[in-house]
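# Working through the structure, step by step
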Amino acid sequence: MADHRNGNPIVSLKRITKRFGDKTVLAGLDLDVRNGEFLTLLGPSGCGKTTILRLLAGFESPDEGDIFIDGRRVNDLAPNQRHVNIVFQSFALFPHMTALNNVAFGLKMKKTDRAEIRQRVDEALRMVKLDDLADRKPHQLSGGQQQRVALARAVVNRPKVLLLDECLNALDYKLRKEMQIELKQIQRRIGITFIFVTHSQEEALSMSDRVIVMRDGQIEQAGTPRQVYETPANLFVARFVGEINIFDGIVTGRENGSTLFADVEGVGCTLRTPRSFQTGDRIKVLLRPEDLRVTELKNGQAVDGTSIDGKFMGRVLERTYKGMTLDSLILLDCGKKIQASEFFDEEDPSFDYSIGERVAVGWVPSWEEILPDDGKEPL
Amino acid sequence: MRRVKTLYVALIYLFLYLPIFVLIASSFNASKYGTRWEGWTLKWYYQIIDSPLLMHAAINTLIIAFLAATLAAVIGTLGAVSLYRWRFAGKKAFEGLLFVIMMSPDIVMAISLLALFIALGIHLGFMSLLLSHITFCLPFVVITVYSRLSGFDSALIEAARDLGAGEWHVFYRIILPLAMPAVLAGWLLSFTLSVDDVIVSFFVTGPSFEILPLRIYSMVRLGVKPEVNALATILFLIPVVFVSFSYFLLKEKKS
Amino acid sequence: MTEKSLFKTATIGLTGAWLGFFVLIPNVMILATSFLQRDEAAFVRLDFTLENYRRILDPVYLQVFGHSAAMALVATMVCLALGYPFAYALARTRPGLRHLLLLLVIIPFWTNSLIRTYAIRSLLATQGVLNKLLLFTGIIDEPLRLLYTGTAVTIGLVYILFPFMVLPLFAVIEKLDTRLLEASADLGAGRFQTFVRVIIPLTMPGIIAGGLLVFLPALGMFYVSDLLGGAKDLLIGNFIKNQFLDARDWPFGAAASVTMTLIMALMLIAYFFSIRKIGKKEIR
């Protein structure tokens, strides 16, 4: 038995390759999952995230590589012999059984004694706040309630790892928000490792301890939600996780390591980055909509009196009031369209800019992210 | 144009039902040859009850139909589960053989089974008849159950596996309860097929075990038998009564 | 997922063994028998021969087969001619009535086909209801000899197999998009044109399916010709039955059976090809 308190992973995938026919879904993938963490596999459909889940559950077996759960190699174990449980996208509740019997199913299969089954099932149903609907059949429950039964049915077995396959998809927006919070709370309370699969960056960011961004069977970046969002490892991650504006630039000079001078879309800018670049390198400057600051222009001068040096000039195409923020679509003079999102402030006069008006766009210094331009255009 | 259509449809129904109604009418006719109406009688019905041969054959028919339908339902359900659940060597052959049963003309299946029983020295009677009936009912159960299984969310099976169920428990606790309506439908279809069969039975059973269609066959080949009219009337009315009864029962339930 | 499961092994084993034992082996036996020689005592002698197939080509037997196929074909044509307008009329009635009418077509199905054959026999007898009716209405002066003729066999086959023609026809006609017919009328096609150029091609799968469902079983229904036909009105079914049960010439009967199966298989293959072709045409 491995000791995970010493940092040994609860789940370990070693050089996993999986093919369906002649399509390679996973190519030599390595992944370690820490005990007790809420890990999210994020990526577009077909990136192999669900395949990882199915490999862990035992519905598929890898063509190459080894799968370890709690230090034990499980490649050849059938699904019913593994200490993992899964919550399906469709919930897959047994339609002919009550909620109670659905939740009790796993314990009955393990021949747990009746008194213990009763107690644990009650406990699980109480945890998902369904103790008074225990005798209902799935079709008598709402989508959210079915989701809770599916969760209770998996958790009641006290698995070492709980797998969740896009299981919030079937719920409507409001319910999905509520369940995100609830899932996180439940995970904290019971302390089981959750591996959650989704293509929604919002779910990934709001619930996870760690996010694995995947594409074409490869891991593009692994990190905390904040790392993934603020310092994307590459353009794919940058674009996939959240909205982003990408500017092209060329390095024109450097100063004491972390400061760069660059020509970005025809504007001379000062940039900060931990990466090292040479003069003449092509770069991509990444700026989130909320990193940008938009200022109204009057007669070529900013109305708030700030300098327009190192800023992009443009024209407002669209403005959307979102309550908390004011989102604008701005067409820059260089021909690029960008998104800006600013906290709404009634007091600020410079917020008065309207459609068609000319504006200057800058950003909060040092919030920019610089990546080398490898010439590839992802997505 | 409408009138022509109605008249045409009516004529077709006349064609379908006239022979049956004539049969029913003759069953109450006192005349032995049925050429003239000689007054009402129930004596042909009494003759059936008094005829041990006919009663025996009727009971045998029901026994075979019940056993064949039940065993075909069991084996057919297992067959459908095999096709639905697992990949295995010879699966294509498995499907092919089911197709062969369905497409073979009755006479071809009849002689092939006869050849098998003779070659193995199996006595032609109860056992050979039962085995044959199970065989020709089998594909109909498989298809009925399989089409229901393929309507399931396949995650249900995976969920059961994930929760620790082995193959047997997946079958017994999940597949069987959910497929039950289809299993019953397959049973009913098999029962009907078994009762309806003439050709296969004709070849694979012997004098030791006679069933109704064969008894009737040997009776009517020798000439007019008025008690056959009475028997036919009963056999026609049983399913009609049964079905209309369940039909009204369903209607009642709905309202 | 190489879990050893007793249940899985037993399930596949039982059903697979059943099919192998009661379907594969018997069919192989018949195929083998058709190449062997007749033996008085043990049915067959293990000597290879093609004689049985050569005998099938003998004019005497070819005539029997030809007559049999002709009767089955005529029965199929009559079923189609009667069944097509009937199915069309049924498919165009209002839904509630439609299902009741369909049920009325199926009800006779539930009675054993032998009993229905017997019912037809009572109807066709010289002293039977049909002759009485025709005499009474003055259409004929003398009772017709209907029973024990090829016509009677054909009538019997039509009577028993009629629903097999109607049901597939009904299924395709019911699905026929009435807008297509309107479009055809709109484009200037007359009723006859619409029927020949639009309705018939669209319902072709039903016509072919119904045709096969009547024609193929019709070849084998020996009891129909036994009860209704004369000495010469044999179906292939009678022929095979006679070889197996009366003449005890199993190899010859087996050869006839194999030949019949092959012809049927060819027709089925042709059927599957034709529906695929029709499907492709529709897409174009």
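It should be emphasised that the depicted structure is a prediction, and the values quoted were computed from it without experimental measurement.

On to the overall build of chain C, then. On a plain count of helices and strands, chain C comes out with twelve helices and two strands. When the helices and strands of chain C are listed from N to C terminus, the series reads α-β-β-α-α-α-α-α-α-α-α-α-α-α. Compactness check: chain C gives a C-alpha radius of gyration of 24 Å against a globular reference of 19 Å for 284 residues, more than 25% above the reference. Principal axes of the C-alpha set define a box for chain C whose edges measure 75 × 70 × 40 Å. When the 284 residues of chain C are sorted by exposure, 47% land in the buried category. In chain C, the proportion of contacts linking residues at least 24 apart, taken out of those at least 6 apart, comes to 67%.

Attention shifts here to the sheet that holds strand β6 (residues 84-87) of chain A. Residues and elements named next belong to chain A. Spatially, six strands are ordered β6-β7-β8-β3-β9-β10 in an open sheet, and the strand pairing comes out mixed. The open sheet terminates on both sides in strands that have one partner only, identified here as β6 and β10 (218-223). Within the sheet, the average angular offset between the axes of one strand and its neighbour, ignoring direction, is 20°. One ladder, built from five bridges, connects strand β7 (residues 161-165) with strand β8 (residues 193-198); its direction is parallel. Residue pairing in the sheet places Leu-164 in a bridge with Phe-196 of β8. Sheet contacts for helix α5 (residues 173-190): β3 (38-42), β7 and β8; angle to β8, the most-contacted strand, approximately 155°.

Turning next to the packing of aromatic side chains. For the coordinates displayed, the defined rule picks out 40 aromatic pairs over all chains. Their ring planes at 85° and their centres at 6.1 Å tell us that Phe203(B) and Phe222(C) sit as a pair that is edge-to-face. Residue Phe203(B) is located in helix α9 (residues 199-204), and its partner Phe222(C) is located in helix α10 (residues 222-228); the two belong to separate chains. Given the relative accessible area of 2%, Phe203(B) is considered buried. Through a chain of ring-to-ring contacts, the aromatic side chains of Trp86(B), Trp168(B), Phe171(B), Tyr172(B) and Phe7(C) assemble into a single cluster. A cation over a ring is seen here: Arg288(A) above Tyr229(A), with NZ or CZ 3.9 Å from the ring centre. The residue whose ring lies beneath Arg221(B) is Tyr217(B), and the NZ or CZ to ring-centre distance is 4.5 Å.

On to the interface of chain C and chain B. Taken together, the contacts link 73 residues of chain C with 73 residues of chain B. Around 6,700 Å² of area is buried between chain C and chain B when both sides are counted, 81% of it from carbon and sulfur atoms. Scanning the region where chain C abuts chain B turns up one salt bridge. A salt bridge links Asp226(C) to Arg221(B), with the nearest nitrogen and oxygen atoms 3.7 Å apart. Linking chain C with chain B are eleven residue pairs in polar contact (both at pLDDT 80 or more). For the side of chain C that touches chain B, the element with the highest residue contribution is helix α1 (residues 6-33) of chain C, accounting for 19 residues. Of the residues belonging to the side of chain C that touches chain B, the class tally is 50 nonpolar, 16 polar and seven charged.

Turning next to the sheet that holds strand β4 (residues 64-69) of chain A. Pairing between the strands of a sheet comes from backbone hydrogen bonds, and it takes one of two forms, parallel or antiparallel. Residue and element names in this part refer to chain A. Read from one edge of the open sheet, four strands run β2-β1-β4-β5, paired in antiparallel fashion. The two strands at the open ends of the sheet, each matched to only one other strand, are β2 (23-33) and β5 (72-73). Strand direction decides the pairing type here: strand β1 (residues 11-20) and β2, joined by seven bridges, are antiparallel. Counterpart to Ile-16 in the pairing with β2 is Leu-29. This element, helix α1 (residues 49-57), spans β1, β2 and β4 of the sheet and lies at about 115° to β1.

Interhelical geometry of helix α5 (residues 106-120) of chain B versus helix α11 (residues 236-246) of chain C gives an angle of 10° and a closest axis separation of 10 Å. On the basis of the axis angle, α5(B) is roughly parallel to α11(C). Contacts between α5(B) and α11(C) involve Ile107(B), Ile111(B) and Leu114(B) from the first element and Gly237(C), Ile240(C), Lys241(C), Phe244(C) and Leu245(C) from the second. Taken together, the residues of the contact of α5(B) with α11(C) break down into six nonpolar, one polar and one charged.

Bringing a nonpolar patch on the surface into the picture now. Together, Leu120(B), Phe21(C), Leu24(C), Ile25(C) and Val28(C) line one region of the surface with nonpolar side chains, adding up to about 410 Å² of accessible area. For the nonpolar patch, the leading source of residues is α1(C), giving four residues. By secondary structure assignment, the location of Val28(C) is in helix α1.

A few words on the confidence of the model for chain C. Residue and element names in this part refer to chain C. Across chain C, the average pLDDT comes to 86, with 96% of residues at 70 or higher. No element of chain C has a lower mean pLDDT than helix α8 (residues 178-186), which averages 76, and none a higher one than α1, which averages 94. This complex was scored by the predictor with a pTM of 0.84 and an ipTM of 0.89.

In terms of nonpolar packing, the biggest core is built from 200 residues, with Ile195(A) and Phe203(B) touching the most fellow members. Looking at this core element by element, the count peaks at 14 residues for helix α7 (residues 150-175) of chain C. Every residue in contact with Ile195(A), bar those within four places of it in the chain, is listed here: Val11(A), Val33(A), Leu39(A), Leu41(A), Leu53(A), Leu56(A), Val161(A), Leu162(A), Leu163(A) and Leu164(A). One finds Phe91(A), Val128(A), Ala150(A) and Val156(A) within the second-largest nonpolar core, a separate group that totals 37 residues.

Before going further, it helps to spend a moment on the side chain of Ser341(A). Residues and elements named next belong to chain A. By the secondary structure assignment, Ser-341 is in strand β19 (residues 337-343). For Ser-341, a relative accessible area of 15% puts it in the buried group. A polar contact is formed between the side chain of Ser-341 and the side chain of Asp-327, at a distance of 2.9 Å. Dropping the residues within four chain positions of it, Ser-341 is found in contact with Pro-289, Glu-290, Thr-325, Leu-326 and Asp-327.

Before going further, it helps to spend a moment on helix α2 (residues 43-50) of chain B. Residue and element names in this part refer to chain B. Every buried residue of α2 is listed here: Trp-44, Tyr-45 and Ile-48. Mapping the buried residues of α2 onto a view down its axis gives an arc of 105°, with all of them on the same face. Exposed and facing more than 90 degrees away from the buried side of α2 are Tyr-46, Ile-49 and Asp-50.

Here we come to unusual backbone geometry. The backbone of Ala92(A) shows a phi angle near 50°, a positive value even though the residue is not glycine. Following the sequence through the fold, Ala92(A) ends up in the loop between β6 and α2 (99-109).

Parameters and conventions
- Residues numbered from 1 in each chain as written.
- Chains lettered and ligands numbered in written order.
- Predicted model: local features only at pLDDT ≥ 70, side-chain atom pairs only at ≥ 80, totals over all residues.
- Heavy atoms only, no water.
- Helix = DSSP H or I, 4+ residues; strand = E, 2+ residues; numbered from the N terminus.
- Rg over C-alpha atoms; globule rule 2.2 N^0.38 Å.
- Buried < 20%, exposed > 50% of the residue type's maximum accessible area, 1.4 Å probe, protein only.
- Contact = heavy atoms within 4.5 Å.
- Pairing = 2+ DSSP bridges.
- Axes fitted to C-alpha atoms, helices over the stretch in contact; angles between N-to-C directions.
- Phe/Tyr/Trp six-rings, centres within 6.5 Å; stacked < 30°, edge-to-face > 60°.
- Lys NZ or Arg CZ within 6 Å of the ring centre and 35° of its normal.
- Buried area = accessible area lost by both parts, 1.4 Å probe.
- Salt bridge = Lys/Arg side-chain N within 4 Å of Asp/Glu carboxyl O.
- Polar contact = N/O pair within 3.5 Å; in protein donor to acceptor, adjacent residues only side chain to side chain.
- Nonpolar A, V, L, I, M, F, W, Y, C, P; charged D, E, K, R; others polar.
- Parallel < 35°, antiparallel > 145°, perpendicular 65-115°, else oblique.
- Patch = residues over 30% accessible without salt bridge, like charges linked within 9 Å, V, L, I, M, F, W, Y side chains within 5 Å.
- Areas by Shrake-Rupley, 256 points an atom, 1.4 Å probe, with all protein chains shown as cover.
- pLDDT = per-residue confidence, 0-100.
- Core = buried A, V, L, I, M, F, W, Y, C linked by side-chain atoms within 4.5 Å.
- Arc of directions from axis to C-beta.

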